[in-house]
Structures are given as structure tokens and as C-alpha cells.
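# Results of the structural survey
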Amino acid sequence: MTQHRAIVWFREDLRLHDNPALNHACTNYDGIIPCYLYQPEEAGAWREGAASRWWLHHSLAALDAGLRARGSNLLIRRGASSLDCLRDLARETRATAVFWNRLYTPHATARDRHIKARLREAGLTVSSFRGSLLFEPHEVLKQDASPYRVFTAWWRRCQALGLYQPEVTAPAVVSTPAGLTGAALEALDLLPRLRWDTGLHECWTPGETAAHDRLDRFLEDAVAEYAHLRDYPATAGTSRLSPHLHFGELSPRSLVNRALQLTADPGCTALRPALDRLLTEVGWRDFAAHVLHHFPDTTDTALDPRFRRFPWRRDYHADLGRWQQGMTGIPVIDAGMRELWHCGWMHNRVRMLVASFLTKNLLIPWQEGARWFWDTLVDADLASNTLGWQWVAGCGTDAAPYFRIFNPVTQGKKFDPAGEYVRRWIPELVALDARHIHEPWRVGGAPEYPEPMADPGRTRARALDAFRSLSGAP
């Protein structure tokens, strides 16, 4: 009997549960060839950063282990291009179909469209599926078919469409032809040669199993206080699911459906504000993909055209280095930057503060901050990173008003009142009490900790003058 074989091309969907491409292949074909093609050059300027490569290595290892438990394995290939790899693999395995879950970044969309056309010309069956978002960018548009630029209206429309979507279960068995060979995971050289990744190992366990375990713990232990504690960086008040979502170890459907299930439970009425907040955060992730799809130049260019003339400083490289190293002399800023370097992650409230300080107090272009986050975050997502930086800088869709310039001292006192977060990441200040820890210079500072590189008040006034210089600014 003829075996009908299909290639399943894994990308940012490194999971078995709720994987539409894998489910379709396993349901309709006898032989499945699960593959991962490592072609970082195809991402252009946006190939994975160092922290993301670390996560990718361990996530691929976890996916391979999950496949082996089902009688298969992950075939890793490198070559001249993804198209050539897929063509070669189809010839080698006599596969007649190729399936994948869609990506939405500009370079991936263009590449995948080209690959789909060429493979179909070669006589292969090719289909792609929605596996990374709740709603695709073309599904949620205004009545005139133009894209939304304000989250609230966009999210209201999504809720009207309905957030619940059925999931597909992981296959019990994945039947893969024997004798296929690929590259060893280690050959991809994803791990750092100088082992700076000790903190990442301490903070994270990549993989699908770890993703669902983290979701379970969050819903059982932390979600009740999520709406309140998510703003306090010293507490474990956030889900920390963002890297699992980015690499597709957990589907957004799985997360949303678990939250909706709790919301519908009469015994969980008290949880509804927190669950609504959680659902909204998942919505922001989709919205970021929506914006980047419709405005692909925003990775490098301000969406608001006025900001293309913004008077950014030119002689900022020394100050940028101090910001990157967590040596600005502003405790909550430095704590955040040091947390980022150690963990590959930063609390969301602090992300806003460090971004505001860089762009508005130091007048350093937001693109510099976005690039640094891209290299150092384990959850570096091109759409979310771009949206977040443009939002704080005031130049993007649904952006913060130009006059919203966070005072890092005031914010530190409000959201880290006991100074626990600062002490955790800045040992030079561990002896200071809560009254002074966010303004150490007022009590003589600390011998090994720098003086502030910028006065929040004076630099705020400078930033406001710069914003007002733009034509059409309020």
C-alpha cells in the first residue's frame, strides 16, 4: 500500500498540543516528517538575539523529546534556503504535502508566500494554519476595511467575534519514516561559548511541559491577585508566560480557554477582574501582530510621521552604555536592566520605566532600546517589542501621550515601596532603608554606586520642549 507522507515544518510553534498543522498532518497522512529548518539569514536584520537563541536550543530539545515519546523525532536541517530544504526533504522522503502554522512578521509573510507558490508548482499539497494568534490581521478590520490603530476599539471587536476557539489535542503517535538524518542540535551553535547564561538556567525551563506547568501554577496560586500585583516588580504577580507564548510552547487558545473556563465557573466570580485583565494582555499580543502586519515599516520607523523629525541626541553612546549596564544611578532603572541581563526578562512595569527614561529623559532613539531588548530578552517578539517601544516613546499606534514621562523615582517609591526589588538587583544599596533607597544621593549615596546621570525633573522639561518642537504637536 502506498504511504502518503507529509512534512510538518515547525517554526514558532514548538509544541504538540493545539498544533493545527501537526494535527492536520497526523489526521490525514500515514507518515509524518516533523522538521525544523534553521535559516537565521532569512530573518534579515531581525535574526534571533543571544537570549532567544539560548531559549530556542532548549525548546527544540524539549520538542524532540516529546516527539520521541510518540515514536518520532525532530529532523533539523540547514541549507541554502528554507525552500531548498523543503524541496530536498520532499524528494528524499517522497512526501506529497507540506504543512505549517503561519507567522506574521513582514519577512516571514513574504518568504512563506513565495515558498508556498514554488512548492505548489512542484506538485506538492501545501497548506498553512492559524496557530500563533487568536485572530489573524485580516480578520479584524474597521467597517471600511482599514486597520485599527487603537487597542480598545480593536479588542472590543475581537470580544464581539468571540474569544473561545476549540483546541486540537496532541497526537498519541507520530509515525515517522525510519532512516532520516539531520543536523545535531548542537551544530546550530545556539548556546553561548562564553557561559553568561547561568542566570537564564536559574530562572527558566523552556519547553511545552514547563509552559503548561507554569500556566497551572499561575492560575492556581497567583491569578487571584494578578490585577493588583502585576504592577509590583518585587512580587511574583505576573504569569511570566511570554517566552512560552512567543516560541509557541503554549498556544494563545490554550491560555484563553483556560481563563474563560474559570470565568464561567460560578465559584470563581471573584477572579473575573483578574481574568479579564489576563485576557486583555493576551489581546495586546495579538494587537501587536495586527499593527506590524499592516504597518511593516514600524520596526525601524515611527508610525507617527511627526516623530521622523524628532530631535534625538546624536552623542549618546556613552549614556546608552550606562543604561545597558544598569549604571544610570537611578535605582529602579538599574535594577530593571540588571534583571534583564541576569534573567533575560524584565517586569512589565519596569520595562515601561526604563524605556521612558531612555527615550524621554536621555533623548536616545527608541530604536536603540528596541535593539537591546531584542538581543537580551528571552521573550523577544518583533511585533510586541516594536509596539511597546513606540508606545512608550509616544510615536506609535495607541501611544502614550507625549507628556506622559514616567518619573522613575516616584514610580519606584509607588511600586517598590519597601525597596525589595532594588535590593535584589543592586547589592550596592542593600544597606539603605526604604526611605532612601530610591534616592540614595540624598543621603550621600553608596561608594560603589554611581551618581544619577540625569535629573528626572530637568530632563522631563527638555523632553517636553522637544515634543513641542514637532509640527502639529499639542
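Residues numbered from 1 in each chain as written. Predicted model: local features only at pLDDT ≥ 70, side-chain atom pairs only at ≥ 80, totals over all residues. Heavy atoms only, no water.

## Observations regarding the overall build of the protein
- In terms of regular secondary structure, the protein is built from 19 helices and five strands.
- The C-alpha atoms of the protein give a radius of gyration of 24 Å, which matches the 23 Å a tight globule of 474 residues would have.
- For the C-alpha atoms alone, the extent of the protein along its principal axes is close to 80 × 55 × 45 Å.
- Counting over 474 residues, the protein shows a buried share of 56%.
- Residue pairs in contact within the protein that sit at least 24 positions apart in sequence constitute 78% of those at least 6 positions apart.
- For the protein, the exposed surface amounts to about 20200 Å²; the carbon and sulfur share of it is 51%.
- Looking at the protein, you have 56 positive and 54 negative side-chain charges, and the mean spots of the two groups are 4 Å apart. (Helix = DSSP H or I, 4+ residues; strand = E, 2+ residues; numbered from the N terminus. Rg over C-alpha atoms; globule rule 2.2 N^0.38 Å. Buried < 20%, exposed > 50% of the residue type's maximum accessible area, 1.4 Å probe, protein only. Contact = heavy atoms within 4.5 Å. Areas by Shrake-Rupley, 256 points an atom, 1.4 Å probe, with all protein chains shown as cover. Lys, Arg positive; Asp, Glu negative; His and termini not counted. Charge placed at Lys NZ, Arg CZ, Asp CG, Glu CD.)

## Digging into the pairing of strand 2 (residues 31-37)
- Strand 2 sits mainly inside the fold: seven of its seven residues count as buried.
- Direction of pairing for strand 1 (residues 5-10) relative to strand 2: parallel, over a ladder of six bridges. Counterpart to Trp 9 in the pairing with strand 2 is Cys 35.
- This β-α-β element, strand 1 to helix 1 (residues 20-28) to strand 2, shows right-handed connectivity.
- In this sheet, strand 3 (residues 75-77) lies alongside strand 2 in parallel orientation, the contact comprising three bridges. Residue Leu 37 lies in a different strand from strand 3, and its bridge partner there is Arg 77.
- Remark: the strand 2/helix 2 (residues 50-68)/strand 3 crossover connection has right-handed handedness. (Pairing = 2+ DSSP bridges. Right-handed = clockwise from strand over helix to strand, strands pointing away.)

## Some details on helix 5 (residues 151-161)
- Considered for burial, the residues of helix 5 that qualify are Phe 151, Trp 154, Trp 155 and Cys 158. Along the axis of helix 5, the buried positions cluster into a sector of 95 degrees, meaning they face one direction only. Facing away from the buried side of helix 5, by more than 90 degrees, are the exposed residues Arg 156 and Ala 160.
- The inward-facing, buried residues of helix 5 abut helix 11 (272-294).
- Directly beyond the C-terminal end of helix 5, a positive phi value near 105 degrees is found at Gly 162. (Arc of directions from axis to C-beta.)

## Quick word on the packing of aromatic side chains
- Under the counting rule described, the total for this entry stands at 26 aromatic pairs.
- Look at Trp 46 and Trp 374: their rings are 5.4 Å apart centre to centre, the planes differ by 85 degrees, and that puts the pair in the edge-to-face class. With Trp 46 in the loop between strand 2 and helix 2 and Trp 374 in helix 15 (residues 366-376), the pair connects residues that are 328 residues apart, well separated along the chain. Each member of the pair, Trp 46 together with Trp 374, is buried.
- An angle of 65 degrees between the planes, with centres 5.5 Å apart, marks the rings of Trp 55 and Trp 204 as edge-to-face. Here the residue Trp 55 occupies a position in helix 2, and Trp 204 occupies one in the loop between helix 6 (198-203) and helix 7 (208-222), the gap between them amounting to 149 residues.
- The structure contains a cluster of three or more aromatic residues connected by ring pairs, namely Trp 54, Trp 55, Trp 204, Phe 247 and Trp 345.
- Stacked on the ring of Trp 345, the Lys or Arg Arg 240 has its end atom at 4.2 Å from the ring centre. (Phe/Tyr/Trp six-rings, centres within 6.5 Å; stacked < 30°, edge-to-face > 60°. Lys NZ or Arg CZ within 6 Å of the ring centre and 35° of its normal.)

## Some thoughts on the pattern of salt bridges
- According to the stated counting rule, one finds 28 salt bridges in the structure shown.
- Of the charged contacts in the structure, one is a salt bridge between Arg 78 and Glu 41, with a shortest N-O distance of 3.1 Å. Of this pair, Arg 78 sits in the loop between strand 3 and helix 3 (82-93) while Glu 41 sits in the loop between strand 2 and helix 2; the two residues are 37 residues apart in sequence, bridging distant segments of the chain.
- By relative accessible area, which is 40% here, Arg 78 ends up partly exposed.
- Accessibility expressed as a relative area gives 52% for Glu 41, which makes it exposed.
- With its nearest N and O atoms 2.9 Å apart, the salt bridge here joins Asp 216 to Arg 258. A residue pair is termed long-range when its members are at least 10 positions apart, and Asp 216 in helix 7 and Arg 258 in helix 10 (residues 252-264) qualify at 42 residues.
- Shared partners join several salt bridges into a network, and the residues in it are Arg 11, Glu 42, Arg 111 and Asp 112. (Salt bridge = Lys/Arg side-chain N within 4 Å of Asp/Glu carboxyl O.)

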